[in-house]
Each structure stands twice: as structure tokens, then as C-alpha cells.
Amino acid sequence: MKIALLGYGRMGKEIEKIAISRGHEIVIKKDVEDVIDITLADVAIDFSVPTSAFDNISNCLKNNVPVISGTTGWLDKYEDAVNLCKKEKGAFIYASNFSLGVNIFFELNKQLAKMMQNLEDYDISMEEIHHTKKLDAPSGTAITLAEGIIENSSKEKWELDNKTSEKNIPIVAKRIPEIPGTHTVWYNSEVDSIEIKHTAHNRKGFALGAVVAAEWILDKEGVFSMKDVLNIH
């Protein structure tokens, strides 16, 4: 399989290693200003920057190249990408996190929220920690976790750092050098606390998941998620 890497930072380089180890060929390595011919690739993996993601995805879809995107911070245009994918009869996966462990954590988070939704004595809070080069805050993974709670509880929205309403979920975002990603959800009451946590030890899990998703989406049509790739229902 010929892969285009749209974004060649630390994640792009990790994806390259894993893709080659699985027998794939990297035919494009795109940084922000590069001019490329995306049709050289069988599939594209986008780990670029928020300002480039939508243009990268659009270029792929308009040229019939399936695209996997793990870039966060651009989701105000997500529905535009979905509509373009349908119009062009393309194939597209966006995930805030491609790690298998994190996607299991997403489902665990939803189940816990369902179990806790009628226990009003518990206050929900979240924390995410990433490396200092991460551009957006809170992380896309933290937002996905918050949305999973909101879907399964009486909470209405998330907010960064400060809690202004009992209906909101506060997310504390910390940036510490060389931390790949740690996400914690707390349910605190006067008598006890419940905590679920995912800690990434390195970037390999994210990169492997992205390559697996790229392998899976080849020859498919539609808008998918990691639940489809991993058959988590």
C-alpha cells in the first residue's frame, strides 16, 4: 500500500516507521508548504496542524484518495468534510485518538457515565496532560471523553479550567515536556472518589492505530470511526 503522510512531525515519523515495518511504502511526506500530487498514494494519513487539516482532507476526497485524520483543533469544519466525502463518494475517518487502548477507554467512559447519571452527589471533573508542542487545548481526546459523558448524563457542556455551572464539566489542560498523553476522569463525592485513567507511554499506540485504520479503509466508501475499524459496538 502506498501511503501519503500529510504532516511529517513526530507523529508522522512514528507512523512512517510502523507503516514500513508492516510492508507499506511512504510515497509522500508533506509539511505545511509542500505542493504534492496526492494521486500517487493509495491512502493518506493526516497528522498535520489545525490550519492545514481541512485542506488536506478536501484534496484527498476530491482526488478519490481515502484519508485518515488524527489532527485536532479543526472540527468547526468537520461537517463540511463529511458532506464533501458523501458528495465525492470518498472514504474518511477522523479520530481524536487512534490508540486501541484509548478507544476502549472511550467506551468505558460512556458506560461509567450511564452508571453514574442518577448519583447526584458525585461531581465530575477531567484532566489531560500532553507535551508542550501540542497546539490545542483541551485535547481532542479530552473533548471526546467529555462528549461521551454529556451524551449519557445531565451535563450540558465542557469548559476549560474553570467551572461556572453545575451542568458543566471542567477540563484542566496541562502541558509538560515529553508527555505523550494522559487523560483522567474523576467522580468525586464527600465520601469517596471514582477515577478512570489512560496513560500513553509513547506514540507507538497512536501510530499503529492510524496505520491499521488506513489498511482497513482501503476500497471502502463512507464516513467511518475507530469503532468501525475495531468493531467496538
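Below, the structure is looked at part by part. (Residues numbered from 1 in each chain as written. Predicted model: local features only at pLDDT ≥ 70, side-chain atom pairs only at ≥ 80, totals over all residues. Heavy atoms only, no water.)

Take the pairing of strand β1 (residues 2-6) next. Of all the five residues making up β1, four are buried; the element is thus mostly covered by neighbouring parts of the structure. Across five bridges, β1 lies against strand β2 (residues 25-30) in parallel orientation. By the bridge assignment, L5 is partnered in β2 with K29. Tracing the backbone out of β1, into helix α1 (residues 10-21) and back to the parallel element β2 gives a crossover that is right-handed. (Buried < 20%, exposed > 50% of the residue type's maximum accessible area, 1.4 Å probe, protein only. Helix = DSSP H or I, 4+ residues; strand = E, 2+ residues; numbered from the N terminus. Pairing = 2+ DSSP bridges. Right-handed = clockwise from strand over helix to strand, strands pointing away.)

Running from N to C, α1 and helix α6 (residues 204-217) cross one another at 60 degrees; their axes reach a closest spacing of 9 Å. In terms of orientation, α1 and α6 fall into the oblique class. The hand of the α1/α6 crossing is right-handed. Touching M11, E14, I15, I18 and A19 of α1 are K204, F206, A207, L208, A210 and V211, all from α6. Classifying every residue of the contact of α1 with α6 gives nine nonpolar, no polar and two charged. (Axes fitted to C-alpha atoms, helices over the stretch in contact; angles between N-to-C directions. Parallel < 35°, antiparallel > 145°, perpendicular 65-115°, else oblique. Left-handed = near helix turned anticlockwise from the far one by under 90°. Contact = heavy atoms within 4.5 Å. Nonpolar A, V, L, I, M, F, W, Y, C, P; charged D, E, K, R; others polar.)

With that out of the way, let us pick up the layout of surface pockets. Taken as a whole, the largest pocket encloses approximately 800 Å³ of empty space. Lining the largest pocket are 40 residues, with M11, F47, S48, H131 and K134 sitting closest to its centre. When its residues are assigned to classes, the lining of the largest pocket shows 14 nonpolar, 19 polar and seven charged. The space that makes up the second largest pocket amounts to roughly 470 Å³. Looking at the second largest pocket, it is lined by 20 residues, and the ones nearest its centre are Y94, A95, S96, T144 and E147. Elements supplying a minimum of two residues to the lining of the second largest pocket: α4 (100-116), α5 (140-151) and α7 (226-230). Of the residues forming the lining of the second largest pocket, the biggest block, six residues, is contributed by α5. (1 Å grid on protein atoms, 1.4 Å probe; cavity = no way out; pocket = protein on both sides within 12 Å on 5 of 7 lines; lining within 4 Å. Points joined across faces, edges and corners; volume = space filled by probe spheres on them.)

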